[in-house]
Amino acid sequence: MSIIVKNISKSYKQVKALDNISLEVPSGELFGLIGPDGAGKTTLFRILTTLLLPNEGTASVTGYDIVKDYKSIRNTVGYMPGRFSLYQDLTVEENLRFFATIFGTTIEENYDLIRDIYVQIEPFKNRRAGRLSGGMKQKLALSCALIHKPKVLFLDEPTTGVDPVSRKEFWEMLKRLQEQQITIFVSTPYMDEAALCDNIALITNGKILRIDTPEGIKASFPHKIYKVKSTKTFKLIQDLGAYEQTHSAYPFGEYIHFTPNTTAFRTQDLTHFLKENHHTNIEVFETGPTIEDTFMELSD
Amino acid sequence: MKRFIGFIQKEFYHILRDRRSLFILFGMPIAQVLLFGFAITNEINNVDIAILDHSKDATTKEIIAKIAASEYFSIKQIIPNEAAIEPAFKKGHIKAVLNFEKDFSKKLITENKATLQILTDATDPNTANTISNYTSSILKNYQQDLNKAAQTSYKIEPKVRLAFNPELKSVFMFVPGVMTVILMLVSAMMTSISITREKELGTMEILLVSPLKPFQVIIGKVVPYILLAVVNAVVIILLSLFVFKMPVEGSLFLLGAESILFIINALSLGILISTLARTQQTAMMVSLMGLMLPVILLSGFIFPISSMPLPLQIISNIIPAKWFIIIIKGIMLKGVGLDFIWKETLILIGMTLFFIAISIKKYKIRLE
């Protein structure tokens, strides 16, 4: 096991940020921590990277205890905080060289590890980090977190604020890093990224809802699920809320995801109900559950 | 060691790339010394005066020549009679009128006494005061010469000797103070800001999750500023030596050593502030309000400590700047050696150790 978390709790004054969290991440796994803003993801990251002490519980990273052996952990992990945390007044290359130096290595020594990522920003190596675009900043931050060949990589919301194309590239890079036997612990508020992880933990309000593979999470969804659409989306949500057979209804892209509260539900009944409520261009069809559906179901 | 050098190199990038701060860092000491040295002064120089001479004899001519020769006054106008005095003042550029009475020479010889009236424009009381003092002193000089030449009178003139600053040059008083303020500012404020900046930008988070040890981070932050502060101290001393012709009576080596001690003292204060402040703004406010004001007001730089109310006199003891000002005034103006300032030196060393001890105790190896 690369990361073991046992019954960790952490409070800030009145707020309980983490409530009795336990999880395990095997070596070499890409593990996703999925949850909305304020769920406690960053707190868990800071505890695992020895930046915060938990109020209760224990945890270890590559066998080192996060309280006792904090110095060893700081030598072996790579950490990329949620906020862009590099020196804006240093150039791309100077940032990378600085982080290589303080970890007692050089860019040349571990260049293979970061080559795929770094070649994309290398043309701008003399540019100040503060003047890079969001996607390039992420790539630089990842390069800096990787330059000392960490055994475990902690990435706190690495793709927040990054365009969809860069996001996709970023996850492809993570997949390639995984082949280098690096355990990756990543958090994201985007459910679509969760599907790319080996295992994911759904977290909200400081509690873990479920830990499973993405497929396992989808399969655990207990209801049938339908996509519903009409020309008046806002009215549709309101009307579905008033419909007697509704278990839940929430927007999902351009559709509404609707789950019925009875197995006897028939699509034509819903279509009929919507027509009575003056909806036009009505579409109702069954679909497979996504991770987000499970998340919504579990967090209700 | 390589890590540490890498860290210091990074610090220099920060300092050298922040052009505006760099300009302030090096421009401010020069500007302040020049300002205090030239502009803010209670000396007079080339003050315009007028002469009203009713006798026009040998003695008055000699006195006028003496006054004209001094660098303090320049005679702008010869006034014919009393009625012309007021218009001359009202025009504005004449600050004083010297009115010699009739038969000045004769009276001086026969009665051993002659009167010279000094009329000054007291709208600026300080200047007026200074002018009358300067004129009196020129007259006294003349009187002495006269007595010596005649070898008749044995009248003893009271002679005030102004020790250590015989010309009452205010710049001699200001240079030690300005140097103290600048070193305090550069060392304490800049280090505290530079450490809190890492916290604010979130880079401290990465530095903490790295093999860098806390003391490496702190020393790495301090080293560049020691160099900067030393450069500043040298610039200030050179300026005072060559622009203001200020003497350094004591040993330059001792002056340098004491300056470095004070720089380290200020740096340790800066680190202490940064361990307590979370943002650059707080660090700056604490440095300005908590350090600059006491340094300027309570250290004896501008206001003599002995004339402060007792509570403030007691408080002034905990201000490192007070001790440093005593030390450098001693070395520069009185030429004393370590045997006279060992007590002040020990106090500074003690304070430095105290600040460093608290900083290390308070330094956070984690986020809050």
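Residues numbered from 1 in each chain as written. Chains lettered and ligands numbered in written order. Predicted model: local features only at pLDDT ≥ 70, side-chain atom pairs only at ≥ 80, totals over all residues. Heavy atoms only, no water.

A. Structural context of the overall build of chain A. Helix and strand counts for chain A stand at 11 helices and 14 strands. Across its three principal axes, chain A shows a C-alpha extent of roughly 70 × 45 × 35 Å. The 300 residues of chain A split such that 52% are buried. For chain A, contacts bridging at least 24 residues in sequence account for 69% of all contacts bridging at least 6. Taken as a whole, chain A presents about 13,300 Å² of accessible surface, with 48% of it coming from carbon and sulfur. Of note, chain A has its 34 positive side-chain charges centred 5 Å away from the centre of its 37 negative side-chain charges. (Helix = DSSP H or I, 4+ residues; strand = E, 2+ residues; numbered from the N terminus. Buried < 20%, exposed > 50% of the residue type's maximum accessible area, 1.4 Å probe, protein only. Contact = heavy atoms within 4.5 Å. Areas by Shrake-Rupley, 256 points an atom, 1.4 Å probe, with all protein chains shown as cover. Lys, Arg positive; Asp, Glu negative; His and termini not counted. Charge placed at Lys NZ, Arg CZ, Asp CG, Glu CD.)

B. Here's a closer look at the environment of B:Thr115. Locating B:Thr115 in the fold gives a position in the loop between α5 (104-110) and β4 (116-120). If near-sequence neighbours (up to four positions away) are discounted, B:Thr115 is found in contact with B:Asn99, B:Phe100, B:Glu101 and B:Phe104.

C. Structural detail: the packing of aromatic side chains. Using the criterion set out here, one finds 18 aromatic pairs over all chains in the structure. Ring geometry for B:Phe262 against B:Phe324: centres 4.2 Å apart, planes inclined by 0°, an arrangement best described as stacked. Residue B:Phe262 is located in helix α10 (residues 252-276), and its partner B:Phe324 is located in helix α13 (residues 320-334); the two are separated by 62 residues in the primary sequence. A network of ring pairs unites the aromatic residues A:Tyr226, A:Tyr243, A:Phe258, A:Phe265 and A:Phe273 as a single cluster. (Phe/Tyr/Trp six-rings, centres within 6.5 Å; stacked < 30°, edge-to-face > 60°.)

D. Structural view of the pattern of salt bridges. Enumeration over the complete set of coordinates arrives at 21 salt bridges over all chains. The residue A:Arg167 makes a salt bridge to A:Asp192 at a minimum N-O spacing of 3.0 Å. Of this pair, A:Arg167 sits in helix α6 (residues 164-178) while A:Asp192 sits in helix α7 (residues 191-194), placing them 25 residues apart in sequence. For A:Arg167, a relative accessible area of 14% translates into the label buried. As a salt-bridge pair, B:Lys221 and B:Glu11 come within 2.8 Å of each other at their nearest N and O atoms. Linking B:Lys221 in helix α9 (residues 214-242) with B:Glu11 in helix α1 (residues 2-17), this pair joins segments that are 210 residues apart in sequence. Taken as a pair, B:Lys221 and B:Glu11 share a single burial class, namely buried. Here the salt bridges do not stand alone but share partners, grouping B:Lys10, B:Glu11, B:Glu198 and B:Lys221 into one network. (Salt bridge = Lys/Arg side-chain N within 4 Å of Asp/Glu carboxyl O.)

E. Representation of the domain arrangement of chain A in the model. Residues and elements named next belong to chain A. On domain assignment, one finds that chain A holds domain 1 (3-219) and domain 2 (225-299). A C-alpha centroid distance of 37 Å is found between domain 1 and domain 2. Each side of the interface is counted separately: domain 1 has 15 residues, and domain 2 has 8 residues. For the pair domain 1 and domain 2, the two sides together bury roughly 910 Å², of which 84% comes from carbon and sulfur. (Domains from an automatic or database assignment. Buried area = accessible area lost by both parts, 1.4 Å probe.)

F. Spotlight on the packing of helix α3 (residues 92-102) of chain A against helix α5 (residues 134-146) of chain A. Residue and element names in this part refer to chain A. As a packed pair, α3 and α5 sit with axes 8 Å apart at the nearest point and diverge in direction by 25°. Of the possible angle classes, the one that applies to α3 and α5 is roughly parallel. Both α3 and α5 take part in a crossing whose hand is right-handed. Across the interface between the two elements, Val92, Asn95, Leu96 and Phe99 from α3 touch Leu140, Ser143 and Cys144 from α5. Here the contact of α3 with α5 is composed, by residue class, of 5 nonpolar, 2 polar and no charged. (Axes fitted to C-alpha atoms, helices over the stretch in contact; angles between N-to-C directions. Parallel < 35°, antiparallel > 145°, perpendicular 65-115°, else oblique. Left-handed = near helix turned anticlockwise from the far one by under 90°. Nonpolar A, V, L, I, M, F, W, Y, C, P; charged D, E, K, R; others polar.)

G. Representation of the packing of α13(B) against helix α14 (residues 338-362) of chain B. Residue and element names in this part refer to chain B. With their axes 9 Å apart at the nearest point, α13 and α14 run at an angle of 145° to one another. The two elements α13 and α14 cross, and the hand of that crossing is left-handed. Here Pro320, Trp323, Phe324, Ile326, Ile327 and Ile331 of α13 come into contact with α14, specifically with Ile341, Glu344, Thr345, Ile347, Leu348, Met351 and Phe355.

H. Molecular detail of the environment of A:Val186. All names here are of chain A. Tracing the chain through its elements places Val186 in strand β8 (residues 183-188). Between the C-alpha atoms of Val186 and Asn55, which are 131 residues apart in sequence, the distance is 23 Å. With near-sequence residues (within four places) excluded, Val186 lies in contact with Leu30, Phe31, Gly32, Leu33, Phe45, Leu155, Pro158, Trp171, Leu174 and Cys197.

I. Structural context of the sheet that holds strand β5 (residues 64-65) of chain A. Residue and element names in this part refer to chain A. Pairing is antiparallel in the open sheet, where 4 strands are placed in the order β2-β1-β4-β5. For this open sheet the edge positions go to β2 (15-25) and β5, each flanked by a neighbour on one side alone. Sheet topology note: the strand β1 (residues 3-12)/strand β4 (residues 56-61) ladder contains 5 bridges and is antiparallel. If you follow Ile3 over to β4, its bridge partner there is Val61. (Pairing = 2+ DSSP bridges.)

J. Structural context of the sheet that holds strand β1 (residues 47-53) of chain B. Residue and element names in this part refer to chain B. The sheet built from 4 strands is open, its strands ordered β2-β1-β3-β4 with mixed pairing. At either margin of the open sheet sits one strand with a lone partner, and together these are β2 (73-78) and β4. Taken pair by pair, the neighbouring strands of this sheet meet at an average axis angle of 30°, ignoring direction. Across 5 bridges, β1 lies against strand β3 (residues 96-100) in parallel orientation. Paired with Leu52 across the bridge in β3 is Asn99.

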